[in-house]
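Listed below, chain by chain, are the residues.
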Amino acid sequence: MKDLIELKEKIVSTESVKQLVQILGSGAKDHIRLEGLKGAINSFLISFGHSTNQKNFLIIAEEKESAAYLLNDLENINADNKPLFFPDSFKRPAYFEVLNKTNVLQRTETVNKFTQSSAPKIIVTYPEALFEKVVAPEILQENQMIITKGENLDVDSMIFTLSAVSYTHLTLPTICSV
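Counting restarts for each chain, with residues numbered from 1 along the sequence as it is written. pLDDT decides what is reported in this predicted model: residues at 70 or higher carry local features, side-chain atom pairs at 80 or more are listed and counted, and totals for whole chains, interfaces and linings draw on all residues regardless. To get the side-chain values, take all heavy atoms of the structure and skip hydrogens and water.

S.K.: Outline the packing of aromatic side chains, supporting the account with residue identities and numerical values.
M.R.: A pair of Phe, Tyr and Trp rings is counted when the ring centres sit within 6.5 Å of each other, with Trp represented by its six-membered ring. The angle between the planes then sorts it: under 30 degrees is stacked, over 60 is edge-to-face, the rest tilted. Per the counting criterion, the structure on display carries one aromatic pair. With centroids separated by 6.1 Å and ring planes inclined at 35 degrees, the aromatic side chains of Phe85 and Tyr126 adopt a geometry described as tilted. Separated by 41 residues along the polypeptide, Phe85 in strand β2 (residues 84-85) and Tyr126 in the loop between β3 (122-125) and α6 (127-130) bring together distant segments of the chain. Each member of the pair Phe85 and Tyr126 is classed as buried. Strands are runs of DSSP state E lasting at least 2 residues, helices are runs of H or I lasting at least 4, and numbering of each runs from the N terminus. Partly exposed describes any residue whose relative accessible area lies between the buried limit of under 20% and the exposed limit of over 50%, with all areas from a 1.4 Å probe on protein chains only and scaled to the type maximum.

As structure tokens, this is what we get:
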């Protein structure tokens, strides 16, 4: 941890980083493109810029794998302020009918965390994830059903509510072990 702090201090003390932070803080540019950076230097710049300016940062990596590496670096650098990941919803590129349920859940959680907190966030994503539509938070809030453990539920009202949102009941086969 001590090495990480020393590395951050060395990077932050360079003149180019000071200029970048000054540009970000002035509000003169809302969109900045950084090119030609090697290793994890981009993660350090993003982390320092975010902690200095306290603004929302949307980081768009070139592709999914780069976004995953960047997210990992940012998570390790920002132990106190974890970045959010905004993935695409699909299992494979160009197969838009097959959804990855984990990614759909993560997209929803990212939108919820972003909209429900006023604290500045870092969101890491990639182009394929951005072209998908996202449900408006108001619509999501209207259609949310919160059930707590131990709550007594009226089955008829549950069926009515689920049918109102076009829920389809599916009976899964049970596997019995002898």
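S.K.: Tell me what's going on with the nonpolar core, and back it up with residues and numbers.
M.R.: Only buried residues count toward a nonpolar core, which is a set of Ala, Val, Leu, Ile, Met, Phe, Trp, Tyr and Cys residues joined through side-chain atoms within 4.5 Å. Of all hydrophobic cores here, the largest spans 17 residues; its most connected members are Ile46, Ile59, Ile122 and Val124. If you list the elements that add at least two residues to this core, you get β1 (57-60), α4 (64-77), β2 and β3. The contacts of Ile122, once residues within four sequence positions are left out, are Ile46, His50, Phe57, Ile59, Leu74, Asn78, Pro83 and Leu84. Core analysis: the second largest hydrophobic core is formed by seven residues, Ile11, Val17, Val21 and Ile77 among them. Contact between two residues is taken to exist if any of their heavy atoms lie within 4.5 Å; hydrogens are not considered.

S.K.: Give a description of a negative patch on the surface that names residues and reports values.
M.R.: What makes a patch is a set of residues exposed beyond 30% relative accessible area and free of salt bridges, joined within 9 Å when like-charged and within 5 Å when nonpolar (Val, Leu, Ile, Met, Phe, Trp, Tyr). Residue burial considers only the protein chains on display, and all accessible areas are found by Shrake-Rupley using a 1.4 Å probe. Criterion for a salt bridge: a side-chain nitrogen of Lys or Arg within 4 Å of a carboxyl oxygen of Asp or Glu. When charges are tallied, Lys and Arg are placed among the positive residues and Asp and Glu among the negative ones, while His and the ends of the chain are skipped. Where a charge lies is defined by one atom per residue type: Lys uses NZ, Arg uses CZ, Asp uses CG and Glu uses CD. Taken together, the side chains of Glu62, Glu63, Glu65 and Glu128 make up a negatively charged region of the molecular surface. Position of Glu62 among the secondary structure elements: in the loop between β1 and α4.

S.K.: Break down the sheet that holds β2 for me, citing the residues and quoting the values.
M.R.: Across the sheet, which stays open at both edges, the three strands sit in the order β1-β3-β2 with parallel pairing between neighbours. Unpaired on one side and paired on the other, β1 and β2 mark the two borders of the sheet. Throughout, an axis means a line fitted to C-alpha atoms (over the contacting stretch in the case of helices), and angles, computed between N-to-C directions, take values from 0 to 180 degrees. Across the sheet, α4 lies against β1, β2 and β3, angled at about 155 degrees from β3, the strand it touches most. Here, a strand pair is defined by DSSP locating no fewer than two bridges between the strands.

S.K.: Provide a residue-level description of the pairing of β3, including the pertinent values.
M.R.: On β3, burial covers both faces: Ile122 and Val124 on one face and Ile123 and Thr125 on the other are all buried. Pairing of β1 with β3, which is carried by four bridges, proceeds in the parallel orientation. Counted as the bridge partner of Leu58 is Ile123 from β3. Relative to β3, β2 runs parallel, the two being bridged by two bridges. Bridge pairing links Phe85 to Val124 in β3.

S.K.: Any chance you could break down the side chain of Asp88 for me, citing the residues and the numbers?
M.R.: For Asp88, the position within the fold is in the loop between β2 and α5 (101-116). There is a polar contact of 2.7 Å between the side chain of Asp88 and the side chain of Tyr126. Whenever two N or O atoms come within 3.5 Å, that pair is a polar contact, provided that in protein one can donate a hydrogen and the other can accept it, and provided that, for residues adjacent in sequence, both atoms are side-chain atoms.

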